[in-house]
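One-letter residues, chain by chain:
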Amino acid sequence: MRKYGFLYLLLAPALILTLIFKYGPMYGAVIAFKDFSPIKGILGSDWIGLKNFDKFLSSPNFEVIFMNTLKLSLLGLVLSFPVPILLALMLNQIRRAGVKKNIQLFLYAPNFISVVVVVGMLFIFLSPTGPVNQLFVWFTDEPIMFMSRPEYFRWIYILSDIWTGAGWSSIIYVAALANVDPELHHAAHLDGANLLQRIRHIDLPTIRPIMAIVFILAAGGIMSIGFEKAYLMQTAMNLPTSEIIPTYVYKIGLQSGDYAYSAAVGLFNSVINVILLVTVNFVVKKLNEGEGLY
């Protein structure tokens, strides 16, 4: 403390904020095990054990909501995880600094667009009279109701996520590739290695530890899909695929006022995420020579 006291002082505000806004609210999760009444409060409400969890697991909506969440998360992880890596590898091959910066600006910009604006753009572009449907009308004579048909919801959600987030997510890989010694590429080129071979044996091993950490974190949050976008994209017609755990919790908790039940559903979701995080980290460490998140 004497040697690094000033550094601990700099760290103190972040620790205090984390304790207040991250660990403090964990106490409220206890209402998942109670017949919570706002009048009685958390301490005064009666304990009911696991009844709220049993209510959710035996609900006729459970299988649909759980599978919707799992399918959307897994499909999103499989499709979106490689894209930032590919972008970073391609950006790393651009030697002209000015061109590279302009391309990076173009790729990063969608990340700063509001989710509300993105969904509004989707409804405009994919509407029956929108520009996308104008192309389909030329070939099929009929517009496609993209935002109303359940089978299109996941693809629209994931592809728009890739568009908005892939460029920004590639930053960490671009930074790692910037540390690769150019002499390695030069030596490999003299030895006859082509571009793909240099990427495979020089670039990919450099970013492999980062890829492992990012994958573990992504897999650990596989059930924590963004609520805002899914809720904004929901229509009465696409509910069979768009109703996921976060939107269900919002409707049950805030709209219906069943706070204890919604807390139980949210806690169930968090427990699944923790199990996935530990499991994926264990598997990655076994496959990645002991390199994992922890």
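Here the structure is a predicted model, which means the values were calculated and not measured. (Residues numbered from 1 in each chain as written. Predicted model: local features only at pLDDT ≥ 70, side-chain atom pairs only at ≥ 80, totals over all residues. Heavy atoms only, no water.)

Here we look at the overall build of the protein chain
Here is step 1: The secondary structure content of the protein chain amounts to 16 helices and two strands.
Here is step 2: Dimensions of the protein chain, computed from C-alpha atoms along their principal axes, come out at roughly 75 × 75 × 35 Å.
Here is step 3: By the burial criterion, 35% of the 294 residues in the protein chain qualify as buried.
Here is step 4: When contacts within the protein chain are restricted to residue pairs at least 6 apart in sequence, long-range pairs at least 24 apart make up 64% of them.
Here is step 5: Looking at charge distribution, the protein chain has the averaged site of its 21 positive side-chain charges lying 8 Å from that of its 17 negative ones. (Helix = DSSP H or I, 4+ residues; strand = E, 2+ residues; numbered from the N terminus. Buried < 20%, exposed > 50% of the residue type's maximum accessible area, 1.4 Å probe, protein only. Contact = heavy atoms within 4.5 Å. Lys, Arg positive; Asp, Glu negative; His and termini not counted. Charge placed at Lys NZ, Arg CZ, Asp CG, Glu CD.)

Regarding the UniProt feature "domain: ABC transmembrane type-1" (unreviewed entry) in the protein chain
Here is step 1: The residues that UniProt annotates with the feature "domain: ABC transmembrane type-1" (unreviewed entry) are residues 66-280.
Here is step 2: Along residues 66-280 one finds 77% helix and 0% strand; the C-alpha atoms at either end are 20 Å apart. (UniProt positions renumbered as here; feature names shortened; annotations may be inferred.)

Details of the UniProt feature "transmembrane region" (unreviewed entry) in the protein chain
Here is step 1: When the UniProt feature table is mapped onto this chain, "transmembrane region" (unreviewed entry) is found at residues 7-24, 72-91, 103-126, 155-176, 207-227 and 259-284.
Here is step 2: As a span, residues 7-24 carries 94% helix and 0% strand, and end to end its C-alpha atoms are 24 Å apart.
Here is step 3: End C-alpha atoms of residues 103-126 are separated by 27 Å, and the span's content is 71% helix alongside 0% strand.

Digging into the packing of aromatic side chains
Here is step 1: The full count for this structure, using the stated rule, is 19 aromatic pairs.
Here is step 2: Where F62 meets F268, the ring centres are 6.0 Å apart and the plane angle is 70°; that geometry is what we call edge-to-face. Of this pair, F62 sits in helix 4 (residues 62-80) while F268 sits in helix 16 (residues 259-287), and the two are 206 residues apart along the sequence.
Here is step 3: Seen in terms of ring centroids, Y231 and Y250 are 5.0 Å apart; in terms of plane orientation they differ by 70°. Their pairing is edge-to-face. Here Y231 is found in helix 13 (residues 227-233), whereas its partner Y250 is found in helix 15 (residues 245-255), with 19 residues between them in sequence.
Here is step 4: By relative accessible area, Y231 is classed as partly exposed at 28%.
Here is step 5: Residue classification places Y250 among the partly exposed residues on the basis of a relative accessible area of 25%.
Here is step 6: Through successive ring pairs, a cluster of aromatic residues spans F56, F62, F66, Y248, Y261 and F268.
Here is step 7: Here the guanidinium or amino end of K55 rests over the ring plane of Y261, the centre of that ring lying 4.5 Å away. (Phe/Tyr/Trp six-rings, centres within 6.5 Å; stacked < 30°, edge-to-face > 60°. Lys NZ or Arg CZ within 6 Å of the ring centre and 35° of its normal.)

Quick word on a nonpolar patch on the surface
Here is step 1: Side chains of M1, Y4, F6, L7, Y8, L9, L10, L11 and L15 sit close together on the surface and give an oily, nonpolar patch of about 1000 Å² of accessible area.
Here is step 2: Inspection of the secondary structure assignment puts L9 in helix 1 (residues 5-23).
Here is step 3: Residue L9 is classed as exposed on the basis of its relative accessible area, which comes to 58%. (Patch = residues over 30% accessible without salt bridge, like charges linked within 9 Å, V, L, I, M, F, W, Y side chains within 5 Å. Areas by Shrake-Rupley, 256 points an atom, 1.4 Å probe, with all protein chains shown as cover. Salt bridge = Lys/Arg side-chain N within 4 Å of Asp/Glu carboxyl O.)

A word on helix 15
Here is step 1: Every buried residue belonging to helix 15 is among I245, P246, T247, Y248, K251, I252 and G253, and all of these are buried.
Here is step 2: If you follow the buried residues of helix 15, they end up packed against helix 3 (51-57), helix 4, helix 13, helix 14 (239-242) and helix 16.
Here is step 3: Once helix 15 ends, the next one or two residues include G257, with phi positive near 80°.

Here we look at the nonpolar core
Here is step 1: By size, the foremost hydrophobic cluster in this structure holds 36 residues, and its most contacted members are F56 and Y248.
Here is step 2: Only helix 3, helix 4, helix 5 (82-92), helix 10 (171-177), helix 12 (195-220), helix 15 and helix 16 provide two or more residues apiece to this core.
Here is step 3: When neighbours within four sequence positions are excluded, Y248 is seen to be in contact with F56, S59, N61, I65, E243, Y261 and V265. (Core = buried A, V, L, I, M, F, W, Y, C linked by side-chain atoms within 4.5 Å.)

Details of the packing of helix 5 against helix 12
Here is step 1: Relative to each other, helix 5 and helix 12 sit at 135°, their axes nearing to 12 Å. Taken as axis vectors, helix 5 and helix 12 run oblique relative to one another. When the axes of helix 5 and helix 12 are compared, the crossing they make is right-handed. Mapping the contact onto sequence places I85, L89 and N92 in helix 5 and I199, D203, L204, I207 and M211 in helix 12. (Axes fitted to C-alpha atoms, helices over the stretch in contact; angles between N-to-C directions. Parallel < 35°, antiparallel > 145°, perpendicular 65-115°, else oblique. Left-handed = near helix turned anticlockwise from the far one by under 90°.)

What about the layout of surface pockets?
Here is step 1: Approximately 910 Å³ is the volume found for the largest pocket.
Here is step 2: Taken together, 31 residues form the lining of the largest pocket, with G76, S80, Y157, D161 and S169 sitting closest to its centre.
Here is step 3: Put simply, the parts of the chain that give the lining of the largest pocket at least two residues each are helix 4, helix 7 (115-125), helix 9 (150-169), helix 12 and helix 13.
Here is step 4: No other element matches the nine residues that helix 9 contributes to the lining of the largest pocket.
Here is step 5: Classifying every residue of the lining of the largest pocket by side-chain character gives 18 nonpolar, ten polar and three charged. (1 Å grid on protein atoms, 1.4 Å probe; cavity = no way out; pocket = protein on both sides within 12 Å on 5 of 7 lines; lining within 4 Å. Points joined across faces, edges and corners; volume = space filled by probe spheres on them. Nonpolar A, V, L, I, M, F, W, Y, C, P; charged D, E, K, R; others polar.)

Focus on the packing of helix 5 against helix 6 (residues 97-108)
Here is step 1: Across the interface, helix 5 lies against helix 6 with an axial gap of 11 Å and an inter-helix angle of 160°. One finds that helix 5 runs roughly antiparallel with respect to helix 6. Note on packing geometry: the crossing formed by helix 5 with helix 6 is right-handed. Each of L87, L91 and N92 in helix 5 lies in contact with helix 6, whose residues at this interface are K100, I103, Q104 and L107.
Here is step 2: Its residues assigned to classes, the contact of helix 5 with helix 6 shows four nonpolar, two polar and one charged.

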